[in-house]
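# Overview (structure and organization)
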Amino acid sequence: MKLLTLNVHAWLEENQVEKMDILARTIAEKQYDVVALQEVNQLMTAHPVTKDLKEDNYGLLLVEKVNQVSKSQYSLFWSNSHIGYDKYDEGIAFLTKLPVYDVDSFYCTKLQTVQSILSRKIVGITVAYEGQLIDCYSCHMNLPDCQEEDVIENLRVVVERSSHSRLKILMGDFNTDAISAPADYEAIKGVGLLDTYELAQEKDAGITVSKAIDGWNSHNAQKRIDYIFVNQQCEVLSSQVIFNGKNQAVVSDHFGLEVHVKC
């Protein structure tokens, strides 16, 4: 099962359309089974095209580009989390070419209003892959030092969302650096998660942010804050950072993380 997660920093990048084209071509070429995206923005003032989506929704435009060149057609699942930069509906999303049996969008935080940036929506999809159902969650968590929210309890809400015994895959920007904050990283795993990076037979350095970015303004060092976690032991063939300037061009303030899991 080929997985990709990326915080796309939508509409806040220079040369945004060119970068979206690179991402779309890569998804089409690599044929990821599931793609989790964060900071998937649309202008609050843009023209609506569905109940939730507006004409400039980054995910909507991306999936259209992917499907123009992909041999397999992808579906988009998006949900608004909160207002970003005073002008965007800031959401999270999945693109997948797999059959989807269920969609579950929910807040994992106590705050559950678009007016607060600390409100964190999760998008869950249940996909069919090689004869089994798998629950996938796209996540964009608060920082560990958030005073208003207990990030570990928020994460526990996701892990315990369903009582199914099937495989759960949590993908996204967890805003916790395994390098500079190992105790916070271990606390994440303590809710019953395994890091596919640690399980991987082949892997690189795992760095997904190389500089100071929004939310990490005073932290210039390299960081590993984007992850793909699983809730049960499984064979992970590889974990590779992508869109870092070495493995594909940079398309966001985060690099992407691609993981190949044998389910």
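Scroll up to find the structure.
The structure presented is a predicted model; accordingly, all values stated were derived computationally and were not measured.

### Section: the pairing of strand 6 (residues 121–129)
Most of strand 6 is tucked away, with nine of its nine residues classed as buried. The alternating pattern of strand 6 places Lys121, Val123, Ile125, Val127 and Tyr129 and Ile122, Gly124, Thr126 and Ala128 on opposite faces, both of which are buried. Summarising the sheet, strand 5 (residues 100–107) and strand 6 pair through seven bridges and their orientation is antiparallel. Bridging from a neighbouring strand, valine 100 pairs with valine 127 of strand 6. Pairing between strand 6 and strand 7 (residues 132–140): seven bridges, direction antiparallel. In the sheet register, valine 123 faces strand 7, and the bridge partner there is serine 138.

### Considering the nonpolar core
Leu23, Ile27, Leu37, Leu62 and Leu95 are the most contacted members of the largest nonpolar core, which totals 27 residues. When contributions to this core are tallied by element, the ones reaching two or more residues are strand 1 (2–7), helix 1 (16–30), strand 2 (34–43), helix 2 (58–69), strand 3 (75–84) and strand 4 (88–96). Excluding anything up to four places from it in sequence, isoleucine 27 contacts Leu4, Tyr32, Val35, Leu62, Val66, Tyr74 and Leu95. Formed by 25 residues, the second largest nonpolar core is a distinct cluster that contains Phe77, Ile125, Cys136 and Ala200.

### Brief notes about unusual backbone geometry
Of note, tyrosine 85 is a non-glycine position whose phi angle comes to about 55 degrees, a positive value. One can find tyrosine 85 in the loop between strand 3 and strand 4. Not every positive phi belongs to a glycine, and glutamate 130 is a case in point at roughly 50 degrees. Within the element layout of this structure, glutamate 130 appears in the loop between strand 6 and strand 7. For glutamate 130, a relative accessible area of 62% puts it in the exposed group.

### Considerations on the pattern of salt bridges
A complete count under the given rule lists 11 salt bridges for this structure. In this structure, glutamate 258 engages lysine 30 in a salt bridge whose closest nitrogen and oxygen atoms are separated by 3.5 Å. Highlighted residues: glutamate 258 in strand 13 (residues 256–262) and lysine 30 in helix 1, separated in sequence by 228 residues. Of the residues examined, glutamate 258 reaches a relative accessible area of 13% and is grouped as buried. A relative accessible area of 29% means that lysine 30 is categorised as partly exposed. In this structure, glutamate 198 and lysine 189 form a salt bridge, with 2.9 Å as the shortest nitrogen-oxygen distance. Since its relative accessible area comes to 42%, glutamate 198 is described here as partly exposed. Exposure remark for lysine 189: the relative accessible area of 16% places this residue in the buried category. The network of salt bridges with common partners includes Glu186, Lys189 and Glu198.

### Some details on the sheet that holds strand 2
Strand order across the open sheet formed by seven strands is 3-4-2-1-13-12-10, with mixed pairing between neighbours. On the outer flanks of this sheet lie strand 3 and strand 10 (202–203), each paired with one strand and no other. Strand contacts of helix 1: strand 1, strand 2, strand 4, strand 12 (235–242) and strand 13, with the helix running at about 170 degrees to strand 1, the strand carrying the most contacts.

Conventions adopted
- Residues numbered from 1 in each chain as written.
- Predicted model: local features only at pLDDT ≥ 70, side-chain atom pairs only at ≥ 80, totals over all residues.
- Heavy atoms only, no water.
- Buried < 20%, exposed > 50% of the residue type's maximum accessible area, 1.4 Å probe, protein only.
- Helix = DSSP H or I, 4+ residues; strand = E, 2+ residues; numbered from the N terminus.
- Pairing = 2+ DSSP bridges.
- Core = buried A, V, L, I, M, F, W, Y, C linked by side-chain atoms within 4.5 Å.
- Contact = heavy atoms within 4.5 Å.
- Salt bridge = Lys/Arg side-chain N within 4 Å of Asp/Glu carboxyl O.
- Axes fitted to C-alpha atoms, helices over the stretch in contact; angles between N-to-C directions.

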